[in-house]
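Summary of structural features
So you can see what is in the structure, the chains are spelled out below.
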Amino acid sequence: MTDIVPNSIPANEQQRLAAVRRYDVLDTPPDGAFDRITAIAARRFDVPIAIISIVDENRIWFKSHHGLPVEEIGRDSGLCASAILSPEVHIVLDASLDPRTLANPLVASNFGLRFYVGVPLETNDGYNLGTLCVIDKVARTVNQDQIDDLKDLATVVMDQLELRLAARKSVGQAQLMAREIDHRVMNSLQFVSGILAMQSRTGSAEAAEQLETAANRVAAVARVHRHFHAEQADMVSSLGFLRRLCAELSDILDRPIEVVGDEGMVATTLVQPIGLIANELITNAAKHCAGAVRVSYRIRGGSHTLAVCDEGEGLPAAFDPEKGAGLGMKVIVALARQLGGKFAVEQNSVGVGSRLSVTFTPPDPMHPDLQLSR
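Now for a description of the structure that goes with this document. (Residues numbered from 1 in each chain as written. Predicted model: local features only at pLDDT ≥ 70, side-chain atom pairs only at ≥ 80, totals over all residues. Heavy atoms only, no water.)

An order of E8-E10-E11-E13-E12 is seen for the five strands of this open sheet, with the pairing classed as mixed. Pairing within the sheet leaves two strands with one partner each, and these edge strands are strand E8 (257-261) and strand E12 (342-347). Taken pair by pair, the neighbouring strands of this sheet meet at an average axis angle of 15 degrees, ignoring direction. Direction of pairing for E12 relative to strand E13 (residues 354-360): antiparallel, over a ladder of six bridges. Pairing of phenylalanine 343 across the sheet is with valine 358, part of E13. Each of E8, strand E10 (293-300) and strand E11 (303-309) is contacted by helix H7 (residues 238-253), which is oriented at about 175 degrees to E8, the strand it contacts most. (Pairing = 2+ DSSP bridges. Helix = DSSP H or I, 4+ residues; strand = E, 2+ residues; numbered from the N terminus. Axes fitted to C-alpha atoms, helices over the stretch in contact; angles between N-to-C directions. Contact = heavy atoms within 4.5 Å.)

In C-alpha cells, the structure reads:
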C-alpha cells in the first residue's frame, strides 16, 4: 500500500475508522438512491463529476461515482482525505494555483483536476466518514446557494446511511428476540417432556404407556426444534439436517441409523415437518423391528422423497394409514399434508420389512408467494 501522508490523518482516526465499519457500507453494490444524489449535485454545480466517497484506511472508496468510471483511488491522492480533516466545506477553486493541491497526483497528472468542493459526511457522533464532492477539470467559482444545496444533499446521504443502520439493528434485535423465544420454547418442551416421563412411572400400566408416548412426542418436537434453529440461512441442506437429527436419534434409540440420499437445498420452513416425519418413522421402525433402519432422501426432478425402511415383519397388504391407524400414523399423514405431499406404505425393496415414504414438491424459491399446504 502507498504510505499515507501523516498530516492527512485525523487525530481520531481509529475511532473514525470504527465508525466507517459500523455503517457497513464499504464495497456494497451500487444504489439508485445515492446515484440520484450525485446526479443532482453534478447538475446543481454544472460539473461532469460528483462522488459520494468513504475514506477507508488506505483507499477512498466511491459509493456513487457520477461521471467517473472508477470505484476507488488511493487515499494519498484523493482530496477527500483532506476534506474529512475539518467539519467545514472543503473548497478548491483552481487546484493548479492552490498551494494545498499543487503536488497532488490528480492535479499534476493528465487527469487535470482543477475544481473541487467537498462536504464531509458527518455521523451523529461527530466522525467524518467521507464526503459528497463535485469535481471539474476547469477552474470555477461557487456561490453560497450552491454550497448550501450541497450541504443539504450531504445530509440526505447521511440520513440514508442512518436509516439503513437503524434497519439492520432492528433486524438484528428481532432475530435475537426470536432466538431467545425459541430457546425458551425448547426448554419448556423439554420440561414438559420430563414431567410426562415422571408421571408415566406412576398409575396404571395403560396410563403410563400413554404418558410415555406423550413424553416421547414432546421430546421429539424439542429435538427437531433444536436442530431447526441451529440453521441460520433461508435455505438449508435437507440431507445434512437429517444426518444430524439421526445421529442424535441413534444414540437415544441405541440403534444404528443409515442416512443416504441426494444433496439438496430446501427452505428452512420445510425443515420442521421433514424432521418430525423422520423422527416419527424412525422411532416406529426402531420400536417394532430389530433389524437395520435406513433413511433416504431422494430428489427426482422437482419432487423430494423422504423414506424410512426397516427389516421388520412388514405391514398388512391392506394397511391404510388414513383408516384405523394409531396416533403416530395420523401425525405423519397430517405432516405430509402440511408439506403438500403424499404418504405411502409399501414393501421394502430388499424383500424384508416396510418402506414408508412421504413425497412432496417444495415451493419454487423464485416464487415465495407459493405457500405450504395448511
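Next, the rest of the story.
For the rest of this paragraph, the subject is the packing of H7 against helix H8 (residues 268-288). Where H7 contacts H8, the axes come no closer than 11 Å and their chain directions differ by 30 degrees. You can see that H7 and H8 cross each other, and the crossing is right-handed. Together, Phe241, Leu242, Leu245, Cys246, Leu249 and Leu253 of H7 and Val271, Ile274, Gly275, Ala278, Asn279, Ile282, Thr283 and Ala286 of H8 make up the contact between the two elements. For the contact of H7 with H8, the per-class residue count stands at 11 nonpolar, three polar and no charged. (Left-handed = near helix turned anticlockwise from the far one by under 90°. Nonpolar A, V, L, I, M, F, W, Y, C, P; charged D, E, K, R; others polar.)

This part covers the sheet that holds strand E1 (residues 49-55). Taking strand neighbours across the sheet as the criterion, the six strands line up as E3-E2-E1-E6-E5-E4 in an open arrangement whose pairing is antiparallel. Lying at the two open borders of the sheet, with one neighbouring strand each, are strand E3 (72-74) and strand E4 (90-92). This sheet shows a mean twist of 25 degrees between the axes of neighbouring strands, independent of strand direction. Of the pairings in the sheet, the one linking strand E5 (residues 115-122) to strand E6 (residues 128-136) comprises seven bridges and is antiparallel in character. When the sheet's bridge partners are listed, glutamate 122 is paired in E6 with asparagine 128.

For the rest of this paragraph, the subject is the packing of aromatic side chains. For the structure on display, the rule yields zero aromatic pairs. Sitting above the plane of the phenylalanine 111 ring, lysine 137 keeps its charged end 4.6 Å from the centroid. (Phe/Tyr/Trp six-rings, centres within 6.5 Å; stacked < 30°, edge-to-face > 60°. Lys NZ or Arg CZ within 6 Å of the ring centre and 35° of its normal.)

Examined against the element boundaries, histidine 65 turns out to sit in strand E2 (residues 59-66). In sequence terms histidine 65 and aspartate 35 are 30 residues apart; their C-alpha atoms lie 7.4 Å from each other. Contact partners of histidine 65, with chain neighbours within four places excluded, come to Ala50, Ile51, Val70 and Glu71. Separated by 3.3 Å, the side chain of histidine 65 and the backbone oxygen of valine 70 make a polar contact. (Polar contact = N/O pair within 3.5 Å; in protein donor to acceptor, adjacent residues only side chain to side chain.)

A separate point is the nonpolar core. Grouped together as the largest cluster of nonpolar side chains are 34 residues, with contacts concentrated most on Ile282, Tyr297 and Phe343. Going through the elements one at a time, H7, E8, H8, E10, E11, helix H9 (327-338) and E13 are the ones with two or more residues in this core. Among the elements that make up this core, the one with the highest residue count is H8 (eight residues). Apart from the residues lying within four places of it in its own chain, the contact partners of isoleucine 282 are Cys246, Leu249, Leu253, Ile257, Val293, Val295 and Val308. Core analysis: the next-biggest nonpolar cluster, separate from the first, contains 30 residues, Leu26, Phe45, Val157 and Met158 among them. (Core = buried A, V, L, I, M, F, W, Y, C linked by side-chain atoms within 4.5 Å. Buried < 20%, exposed > 50% of the residue type's maximum accessible area, 1.4 Å probe, protein only.)

This next bit is on the pattern of salt bridges. Tallying each qualifying case throughout the model produces 16 salt bridges. Measuring nitrogen to oxygen at the nearest pair gives 2.9 Å for the salt bridge that ties arginine 16 to glutamate 13. Of the two residues, arginine 16 and glutamate 13 are both situated in helix H1 (residues 13-23); the distance of three residues between them amounts to about one turn of the helix. What makes glutamate 13 buried here is its relative accessible area of 8%. (Salt bridge = Lys/Arg side-chain N within 4 Å of Asp/Glu carboxyl O.)

Bringing the pairing of E10 into the picture now. Sheet topology note: the E8/E10 ladder contains five bridges and is parallel. Looking across to E10, one finds that valine 259 is bridged to valine 295. Pairing between E10 and E11: seven bridges, direction antiparallel. Bridging across to E11, arginine 294 finds its partner in cysteine 309. Between E10 and E11, which pair antiparallel and follow one another directly, the connecting turn spans two residues, one of which, glycine 301, has a positive phi of 65 degrees.

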